[in-house]
Amino acid sequence: MATITAHGKPAEVSGPRARPPVRRTSRRKRRIQNNLTGYVFLVGAVVCFAVFSWYPMIRGIIMSFQRTRRGETTWVGWDNYERILNDPSFWTAWKNTFYFTALALILGYAVPFFVAILLNEFRHAKGYLRVLVYLPVMLPPASALFLFKYYAYDPSDAGLFNAILKFFGLPTSEWMQSTTMTMPAMVIASTWMNLGGAVLIYLAALQNIPGELYEAAEMDGAGIWRRIWNVTIPQTKLILSLMAMLQIVATMQLFIEPLILANGAGTQDSATSVAYLIYQHGFFQNDLNGAAALGVIMLVVLAGFSAAYLRLTSRQD
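Note that the structure is predicted; figures quoted are calculated from it, not measured.

K.L.:
Talk me through the overall build of the protein chain; I want residue IDs and the actual numbers.
P.N.:
Scanning the protein chain from N- to C-terminus turns up 15 helices and two strands. Radius of gyration (C-alpha) of the protein chain: 31 Å, far over the 20 Å computed for a compact globule of 317 residues. Considered along the principal axes of its C-alpha atoms, the protein chain spans approximately 120 × 75 × 40 Å. The burial tally for the protein chain puts 34% of its 317 residues in the buried class. Pairs at least 24 residues apart make up 62% of the contacts formed inside the protein chain by residues separated by at least 6 positions. When the accessible area of the protein chain is evaluated, it comes to approximately 21,000 Å², of which 64% is carbon and sulfur surface. In the protein chain, 26 positive and 17 negative side-chain charges are present, and the distance between their average locations comes to 20 Å.

See below:
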């Protein structure tokens, strides 16, 4: 009951006030406002992928089934693919591409891993050595390749590599003018250019390995090679398999190395790659439809390698 005051008016009784109901729409609006920045960045990324990746890919697939002559486009079905497959340079390009990929896996894949292991063992000047290893990555690829072409691969005795061979009494080489040394020379240049990025990735993986594993291996009397085989490689197996797949995909798109070092095709087509053959069809022969068919074939091959990698890694997991 309400109490009566001296003035004869009922006194107000204090008590908990009822809160107004919270609207769901206001919560949803606040959540959208909080995530608005993320949505803006997401829309920008989707638009960039759609304009610069998805549309050219779909457009290229459509062009591979067409033929354009004097501004008129007609549907020809599989004719472009049959014409490309019957071209002898097509199989030469694939042979050179696979050869380059195999050499890159032997040299360009193994060397960064062992360089990272070596750098990880140093106690002093780690930062300086990492900058020194990463320095070639900061150079533009064209500049680095021109450096190799005119300084290291000079076929005369003035070339760096020929000077080293001559110093040790070994026969010199014509390098990019030779049909047998063209691919190994391009692999050496490509490995030097891309060494730093792979080394930093491997270093990050090596530093996550617990030191107790190496201490236990040393107590068991394991040497350095035994520790690498039994500790380092198993602990970095995931990153090694991922880098192997990235190496295959990147090296099969070989283009700038033959373009600069071997002036495109090289001696007797010894440097012709699939990517350079696409460039030839599109810009020299004005055969955009054939270039599109070649691009689709490369897309299918790379997708097959990626699917095989995913299948193997899923089984290992």
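K.L.:
Give a detailed account of the nonpolar core, specifying residues and quantitative values.
P.N.:
Within the largest apolar cluster, 21 residues are counted, with the highest numbers of intra-cluster contacts made by Phe148, Tyr153, Met176, Met186 and Leu261. Taken together, the elements giving at least two residues each to this core come down to α4 (88-108), α7 (141-152), α9 (182-206) and α13 (256-261). It is α9 that contributes the most residues to this core, six residues altogether. Leaving out residues up to four positions away in the same chain, Tyr153 has contacts with Phe148, Phe161, Trp175, Met176, Ala185, Ile188, Ala189 and Leu261. Ala116, Leu129, Leu206 and Ala217 belong to the second-largest nonpolar core, a separate cluster that totals 19 residues.

K.L.:
So what about the pairing of strand β1 (residues 66-69)? Which residues, and what values?
P.N.:
As paired elements, β1 and strand β2 (residues 72-75) share four bridges and run antiparallel to each other. By the bridge assignment, Gln66 is partnered in β2 with Trp75. Count of turn residues in the β1/β2 antiparallel hairpin: two residues, of which Arg70 carries a positive phi of about 55°.

K.L.:
So what's going on with the environment of Ala217? Residues and values would help.
P.N.:
Position of Ala217 among the secondary structure elements: in helix α10 (residues 211-219). Relative accessible area serves as the criterion here: at 10%, Ala217 is assigned to the buried category. Every residue in contact with Ala217, bar those within four places of it in the chain, is listed here: Ala222, Arg227 and Val231.

K.L.:
Can you explain the side chain of Gln247? Please cite residues and give values.
P.N.:
Looking at the secondary structure, you find Gln247 in helix α12 (residues 237-251). Residue Gln247 is classed as buried on the basis of its relative accessible area of 19%. Ignoring anything within four residues of it in the chain, the contact list for Gln247 reads Ala104, Leu105, Gly108 and Tyr109.

K.L.:
Run through the packing of aromatic side chains, naming residues and quoting values.
P.N.:
Across all of its chains, the model carries 24 aromatic pairs by this definition. Taking 5.7 Å as the distance between ring centres and 40° as the angle between the ring planes, the aromatic pair formed by Tyr276 and Tyr279 counts as tilted. Linking Tyr276 with Tyr279, this pair stays in helix α14 (residues 274-284), spanning three residues, or about one helical turn. An aromatic cluster is present here, built from Phe148, Tyr153, Phe161, Trp175 and Trp192 joined pairwise through their rings.

K.L.:
Please give an account of the pattern of salt bridges that cites residues and values.
P.N.:
This model, assessed by the stated rule, comprises one salt bridge. The partner of Asp287 in a salt bridge is Arg83, and the shortest N-O contact between them spans 2.7 Å. Of this pair, Asp287 sits in the loop between α14 and α15 (288-316) while Arg83 is found in helix α3 (residues 79-85), placing the two residues 204 residues apart along the sequence. Asp287 gets classed as buried once you look at its relative accessible area, which sits at 7%.

K.L.:
Quick one: what's the story with a negative patch on the surface, residue by residue and with numbers?
P.N.:
The grouping of Glu121, Glu212, Glu215 and Glu218 at the surface amounts to a negative patch. Residue contributions to the negative patch peak at three residues, all from α10. Overall, Glu212 belongs to the exposed group, its relative accessible area being 54%.

Conventions and cut-offs
- Residues numbered from 1 in each chain as written.
- Predicted model: local features only at pLDDT ≥ 70, side-chain atom pairs only at ≥ 80, totals over all residues.
- Heavy atoms only, no water.
- Helix = DSSP H or I, 4+ residues; strand = E, 2+ residues; numbered from the N terminus.
- Rg over C-alpha atoms; globule rule 2.2 N^0.38 Å.
- Buried < 20%, exposed > 50% of the residue type's maximum accessible area, 1.4 Å probe, protein only.
- Contact = heavy atoms within 4.5 Å.
- Areas by Shrake-Rupley, 256 points an atom, 1.4 Å probe, with all protein chains shown as cover.
- Lys, Arg positive; Asp, Glu negative; His and termini not counted.
- Charge placed at Lys NZ, Arg CZ, Asp CG, Glu CD.
- Core = buried A, V, L, I, M, F, W, Y, C linked by side-chain atoms within 4.5 Å.
- Pairing = 2+ DSSP bridges.
- Phe/Tyr/Trp six-rings, centres within 6.5 Å; stacked < 30°, edge-to-face > 60°.
- Salt bridge = Lys/Arg side-chain N within 4 Å of Asp/Glu carboxyl O.
- Patch = residues over 30% accessible without salt bridge, like charges linked within 9 Å, V, L, I, M, F, W, Y side chains within 5 Å.

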